Amino acid sequence: GRVCMLAAVGYIATDLGLTAPGAPTGVSSAAAHDVAVEKGGMLVLFLAASAFEILGGVPKMFQLFSDSVDTPSKPGDYGFDPLKKANDERMQLTELKNGRLAML
């Protein structure tokens with residue numbers, strides 16, 4: 001859900017003219033992917049996203065599949081909550097709905 005929400009924001013930002021350094025300029029959101037693949041920029045993005053997924057996901061998998069009862073946690077709970085909104089049910093529902101909408 002969170003990756004889809006970021007992708008939706010990126011799609012809109014590209015159409016508004018916002019680009020990252022080294023990203024193709026002067027193309028629509030639909031064509032930006034193809035241009036980035038041709039120039040090789042998409043490989044860098046893929047490697048960066050893969051590194052974040054591996055570094056964040058592997059420790060979480062060990063935590064979820066461990067036999068230890070000391071560290072129970074819900075899926076998606078990475079312990080990173082700088083705004084202290086983890087126990088706010090309204091915020092959880094909002095994030096769930098926005099993630100579902102972005103996946104569509």
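All values derive from a computational prediction rather than experimental measurement.

Turning our eyes to something else, we now look at the overall build of the chain. Within the chain one finds four helices and zero strands. Of the regular secondary structure in the chain, the N- to C-terminal order runs α-α-α-α. Taking as baseline every contact in the chain between residues at least 6 positions apart, the subset at least 24 positions apart corresponds to 31%. When the accessible surface of the chain is split by element, carbon and sulfur atoms take 67% of a total near 8,800 Å².

A cluster of nonpolar side chains, contributed by Y11, I12, L16 and L18, occupies part of the molecular surface with about 470 Å² of accessible area. With respect to the secondary-structure elements, I12 resides in helix α1 (residues 2–15). When its relative accessible area of 51% is taken as the criterion, I12 is described as exposed.

Okay, the packing of α1 against helix α2 (residues 29–39) next. Orientation of α1 relative to α2, taken along the N-to-C sense of each, is 100 degrees, at an axis distance of 9 Å. By the angle class used here, α1 and α2 are roughly perpendicular. Contacts between α1 and α2 pair Y11, T14 and D15 from the former with S29, A30 and A32 from the latter. Here the contact of α1 with α2 is built from residues that sort into three nonpolar, two polar and one charged.

Relative to the helices and strands, N98 resides in helix α4 (residues 89–103). Classification of N98 by relative accessible area gives partly exposed; the value is 38%. For the pair formed by N98 and M5, sequence separation is 93 residues and the distance between their alpha carbons is 7.2 Å.

A few words now on α1. The periodicity of an α-helix, 3.6 residues per turn, causes residues three or four places apart in sequence to face the same way. For α1, spanning 14 residues, the distance from its first C-alpha to its last is 20 Å, which sits close to the expected 20 Å at 1.5 Å a residue. Within two residues after α1, G17 carries a phi angle of roughly 100 degrees, on the positive side.

Looking now at the side chain of S29. Looking at the secondary structure, you find S29 in helix α2. Owing to a relative accessible area of 10%, S29 belongs among the buried residues under this scheme. At a separation of 2.8 Å, a polar atom in the side chain of S29 contacts the side chain of D15. Not counting residues within four places of it along the chain, the set of residues in contact with S29 comprises Y11, T14 and D15.

The subject of this paragraph is the environment of A102. Within the element layout of this structure, A102 appears in helix α4. Apart from the residues within four sequence positions on either side, A102 is in contact with C4 and M5.

Glancing now at the packing of α1 against α4. In contact at an axis separation of 8 Å, α1 and α4 are set at 60 degrees when each is read in the N-to-C sense. Between α1 and α4, the angle falls in the class oblique. Like other packed secondary-structure pairs, α1 and α4 cross with a definite hand, here left-handed. Packed against α1, whose contacting residues are R2, C4 and M5, the element α4 presents E95, N98, G99, A102 and M103 at the interface.

What counts, and at which threshold
Residues numbered from 1 in each chain as written. Predicted model: local features only at pLDDT ≥ 70, side-chain atom pairs only at ≥ 80, totals over all residues. Heavy atoms only, no water. Helix = DSSP H or I, 4+ residues; strand = E, 2+ residues; numbered from the N terminus. Contact = heavy atoms within 4.5 Å. Areas by Shrake-Rupley, 256 points an atom, 1.4 Å probe, with all protein chains shown as cover. Patch = residues over 30% accessible without salt bridge, like charges linked within 9 Å, V, L, I, M, F, W, Y side chains within 5 Å. Salt bridge = Lys/Arg side-chain N within 4 Å of Asp/Glu carboxyl O. Buried < 20%, exposed > 50% of the residue type's maximum accessible area, 1.4 Å probe, protein only. Axes fitted to C-alpha atoms, helices over the stretch in contact; angles between N-to-C directions. Parallel < 35°, antiparallel > 145°, perpendicular 65-115°, else oblique. Nonpolar A, V, L, I, M, F, W, Y, C, P; charged D, E, K, R; others polar. Expected span 1.5 Å × (residues − 1). Polar contact = N/O pair within 3.5 Å; in protein donor to acceptor, adjacent residues only side chain to side chain. Left-handed = near helix turned anticlockwise from the far one by under 90°.

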